[in-house]
Amino acid sequence: MSSLVLAALAGAAIATIVALVLLSRDHQRRAARAGAIEAVARRYALGDLSRPAPDYGDDELGAVARAMDAAVQELGRRLGGLERDRARMEAILASMVEGVLVVDEQGRLQLVNEAARQMLKLEREASGRPYVEAIRHPGIVQQLGRALSGEAVEGLEFSLAAERNRTLVSRVAPVVAAGRGAVLVLHDITDLRKADQIRRDFVANVSHELRTPLTAIKGYAEALMDEPDDEEARQRFLEIIHRHAARMERLVQELLRLARLDAGQEAVEYAPCDIQALVSSVMADFEPLIAEKHQHADAAVAPEARVLVVDPAKMHDILRNLVENAVNYTPDGGTITVSAALEADRHVLTVRDTGPGLPEEDLTRVFERFYRVDKSRARPGGTGLGLAIVKHLVQVMGGTVTAANQRGGGAVFTVRLPLRT
Ligand code: ADP
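This structure is a prediction, so every number in the text was calculated from the model and none was measured.

Reading the values: the criteria
- For every chain, the first residue of its written sequence is number 1, and the numbers climb from 1 along that sequence.
- It should be noted that, the model being predicted, local features are given only for residues of pLDDT at least 70 and side-chain atom pairs only at 80 or more, the latter also being counted only at that level, while totals for whole chains, interfaces and linings use all residues.
- Here the side-chain values reflect all heavy atoms present in the structure, with hydrogen atoms and water set aside.
- Numbering of helices and strands runs from the N terminus; a helix is a DSSP stretch of H or I covering at least four residues, while a strand is a stretch of E covering at least two.
- Each radius of gyration reported is based on C-alpha atoms, and the globular scaling rule is 2.2 Å times the count of residues to the power 0.38.
- Per-residue accessibility, obtained with a 1.4 Å probe over protein chains only, is compared with the maximum for each type, and a residue is labelled buried under 20%, exposed over 50%, and partly exposed between these values.
- What makes two residues a contact is simply this: any of their non-hydrogen atoms within 4.5 Å.
- Proximity criterion: a residue is near a molecule or strand once any of its heavy atoms comes within 4 Å of it.
- By the criterion applied in these results, polar contacts are pairs of N or O atoms within 3.5 Å in which, for protein atoms, one can donate a hydrogen and the other can accept it, and in which residues neighboring in sequence qualify only through two side-chain atoms.
- The method behind every accessible area is Shrake-Rupley, applied with a 1.4 Å probe, and residues are considered shielded solely by the protein chains displayed.
- Residue polarity follows a fixed list, in which Ala, Val, Leu, Ile, Met, Phe, Trp, Tyr, Cys and Pro are nonpolar, Asp, Glu, Lys and Arg are charged, and the others, Gly among them, are polar.
- Two rings from Phe, Tyr or Trp (for Trp, the six-membered ring) form a pair when their centres sit within 6.5 Å of each other. Planes less than 30 degrees apart are called stacked, planes more than 60 degrees apart edge-to-face, and all others tilted.
- Only Lys NZ and Arg CZ are tested; either one counts as a charge over a ring when it is within 6 Å of the ring centre and within 35 degrees of the ring normal.
- Structural elements are reduced to axes, namely lines fitted to C-alpha atoms, with helices fitted over the stretch in contact, and the angle between N-to-C directions of any two is expressed from 0 to 180 degrees.
- With respect to orientation, any angle under 35 degrees is reported as roughly parallel, any angle over 145 as roughly antiparallel, any angle of 65 to 115 as roughly perpendicular, and every other angle as oblique.
- DSSP calls a pair of strands paired once it identifies at least 2 bridges connecting them.
- Joining through side-chain atoms within 4.5 Å is the link that ties buried Ala, Val, Leu, Ile, Met, Phe, Trp, Tyr and Cys residues into a set, and such a set is a nonpolar core.
- Salt bridge criterion: a side-chain nitrogen from Lys or Arg within 4 Å of a carboxyl oxygen from Asp or Glu.

**Student:** I keep staring at the overall build of the protein and nothing clicks. Help me out?
**Tutor:** A count of helices and strands for the protein gives 11 helices and 12 strands. Since a compact globule built from 421 residues should have a radius of gyration of about 22 Å, the 43 Å found for the protein marks it as more spread out than a globular shape. Structurally, the protein occupies a C-alpha span of about 170 × 60 × 40 Å along its principal axes. For the protein, the proportion of its 421 residues judged to be buried stands at 35%. When contacts within the protein are restricted to residue pairs at least 6 apart in sequence, long-range pairs at least 24 apart make up 57% of them.

Structure follows, in structure tokens:
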């Protein structure tokens, strides 16, 4: 072999070895990058998309890795958006006063908000269970069943046996989007029904209160039309008619006043008021009746409570009503005491008597319209509205009024008013 051929062979062998070394280094680098890409993919699979991706390189492997990375990051952004939407929806549902309950196609509770859970007395783990097992009210089970089979369902008003005085309304609608299902919404209408009842009672009471004097007026007017010869009887009939007409007038006036107070139509005009003078003048108004009933009247106004910034006209009406009741409901020979003092940051006015007092269970109810402790004991001129008016008048001046019984017997009404300058 010539030396030329030998040299050529040696050159080729060296070139092959160099190429092999270079190839093996490239392979190692690729394997290392593939490992780094795999580590990133594992991190992504665990949900950690936060750290920046490494430099994937400029070749085909790098291009594929970058494209996959961008797709994963975009998916992550969308998932984050969905998660935020879900959290927002959960927060809205949790803060709703209405109960919301969603049932899926298979009749399983998919979503139950806190209000629905409380209203229907459902267990904490109700979600995911079949609604027929979780909900015990047959009416609601029926409503959901009909909605799931695509029927239009009417609203249902009901009360649970465990909570008879709570009135609920449930409305169900079928869900058509994303598979069939049904959504049920519950409203608590207890207050609405109570207000309804109060209005109905009020109308019945007004009619009843007006009927009594009207019947008397009609009867005595008919008797007068028969022209009795007896002048004394005629006079007596006229007096009765007059008395009942006056009673009706008072009733209507008080009703109108309550309506004005209710609608916030009575302006409050604050001015300094001499409480001592006010108490004396109200007591003086009842002096003839107090004397007739041989009662004693006392007034004790503390010097620091003497002048108070209130609406003097309203203050007068409050005191007049309370003193009138005390005088009327206290038997002959009793004592009526009015006192005024300062207590912390309040002005406290009390009217006490030595009468029969009030049954404990009626202490708050006496401020309701037409509420009378004992119908048979109701005084003839009374309307049953006086204390309701007192409560409103005190409230518009920012105060409170309470009724209580004294230890030794007798009622005590306490008016607390904020101090103003
Ligand atoms: P009325 O016009 O019947 O007096 P009020 O609203 O002033 O109506 O009072 C409501 C009811 O509260 C009265 O019917 C009476 O039963 C009871 N009441 C009010 N004040 C007294 C009192 N000082 N002592 C005992 N009962 C009272």
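**Student:** So what exactly am I meant to see when it comes to the site of the ligand here?
**Tutor:** Around the ligand, a shell composed of 19 residues is seen, among which N325, Y329, D353, G384 and L387 lie nearest. Within the contact set of the ligand, an oxygen atom lies 2.8 Å away from a side-chain nitrogen or oxygen of N325. With respect to the ligand, the backbone of G386 contributes an N or O atom lying 3.3 Å from an oxygen atom. Across the complex, the protein chains shield 99% of the 530 Å² of accessible surface that the ligand would expose by itself. Ranked by the residues each element gives to the shell around the ligand, the list is headed by helix α10 (residues 312-329), at three residues. Of the residues assigned to the shell around the ligand, the class counts are 10 nonpolar, six polar and three charged.

**Student:** Is there a simple way to think about the packing of aromatic side chains in this case?
**Tutor:** The relation between two aromatic rings is expressed through the spacing of the ring centres and the mutual angle of the planes. On inspection of all chains with the given rule, the structure shows three aromatic pairs. Centre to centre, the rings of F367 and F413 are 6.2 Å apart; their planes meet at 80°, and the pair counts as edge-to-face. Here F413 lies in strand β12 (residues 411-418) and F367 lies in the loop between β10 (346-353) and α11 (386-396), a separation of 46 residues in the sequence. R369 extends its terminal NZ or CZ atom over the ring of F202, reaching a point 5.7 Å from the ring centre.

**Student:** I'm lost on the packing of helix α1 (residues 3-45) against helix α2 (residues 60-95) in this one. Help?
**Tutor:** Two quantities define a packed helix pair, namely the angle between the helix axes and the distance between the axes. Where α1 contacts α2, the two axes come as close as 11 Å, and the packing angle between them is 5°. It follows from the interaxial angle that α1 and α2 lie roughly parallel. Only E60, L61, G62, A65, D69, V72 and Q73 of α2 make contact with α1, whose side of the interface consists of R30, R33, A34, I37, V40 and Y44.

**Student:** What should I look at first to understand the sheet that holds strand β11 (residues 400-405) in this one?
**Tutor:** Picture the strands of a sheet paired through backbone hydrogen bonds; they go either parallel or antiparallel. Strands sit in the order β7-β9-β10-β12-β11 across an open sheet of five strands; the sheet is mixed. The open sheet has two edge strands, β7 (296-301) and β11, and neither has a second partner. Pairwise comparison of adjacent strand axes, ignoring direction, gives a mean angle of 15° for this sheet. Bridge count between strand β9 (residues 335-343) and β10: eight bridges; the pairing is antiparallel. From the neighbouring strand, E343 faces β10, where its bridge partner is R346. Where helix α8 (residues 275-285) meets the sheet, its contacts fall on β7, β9 and β10, and the angle it forms with β7 comes to roughly 170°. Along the sheet, α10 contacts β9, β10 and β12; its crossing angle with β10, the most-contacted strand, is approximately 25°.

**Student:** How should the nonpolar core be read in this particular structure?
**Tutor:** General note: in soluble globular proteins, nonpolar side chains tend to be found buried as a group. Formed by 49 residues in total, the largest nonpolar core has its most connected members in I275, M315, L319 and V323. A per-element tally of this core places α10 first, with seven residues. If we ignore the near neighbours within four places in the chain, the residues touching I275 are V301, A305, R306, L308, M315, A340, H347 and L349. Counting residues in hydrophobic clusters, the runner-up holds 25 residues, among them A116, L122, Y131 and A134.

**Student:** Could you clarify how one ought to interpret the side chain of H244 in this entry?
**Tutor:** Inspection of the secondary structure puts H244 in helix α7 (residues 231-262). Given a relative accessible area of 16%, H244 falls into the buried group. Setting aside residues up to four positions removed in sequence, H244 forms contacts with P213, A216 and I217.

**Student:** What am I meant to see in the pattern of salt bridges here?
**Tutor:** Close approach of charged atoms lets side chains of opposite charge pair. Applying the stated criterion to the full structure yields 36 salt bridges. Put simply, R234 and E231 hold a salt bridge, and the shortest N to O gap is 3.4 Å. Residue R234 and its partner E231 are both found in helix α7; the two are separated by three residues, about one turn of the helix. Of the residues examined, R234 reaches a relative accessible area of 30% and is grouped as partly exposed.

**Student:** So what exactly am I meant to see when it comes to unusual backbone geometry here?
**Tutor:** For residues that are not glycine, phi is negative in most cases, and the peptide bond is trans in most cases. At K121, a residue that is not glycine, the phi angle is positive and equals roughly 55°. Structurally, K121 is set in the loop between α3 (114-119) and α4 (131-134). In this structure, F370 is a non-glycine residue whose phi angle is positive, near 65°. Looking at where F370 falls in the secondary structure, it is placed in the loop between β10 and α11. Since its relative accessible area comes to 4%, F370 is described here as buried.

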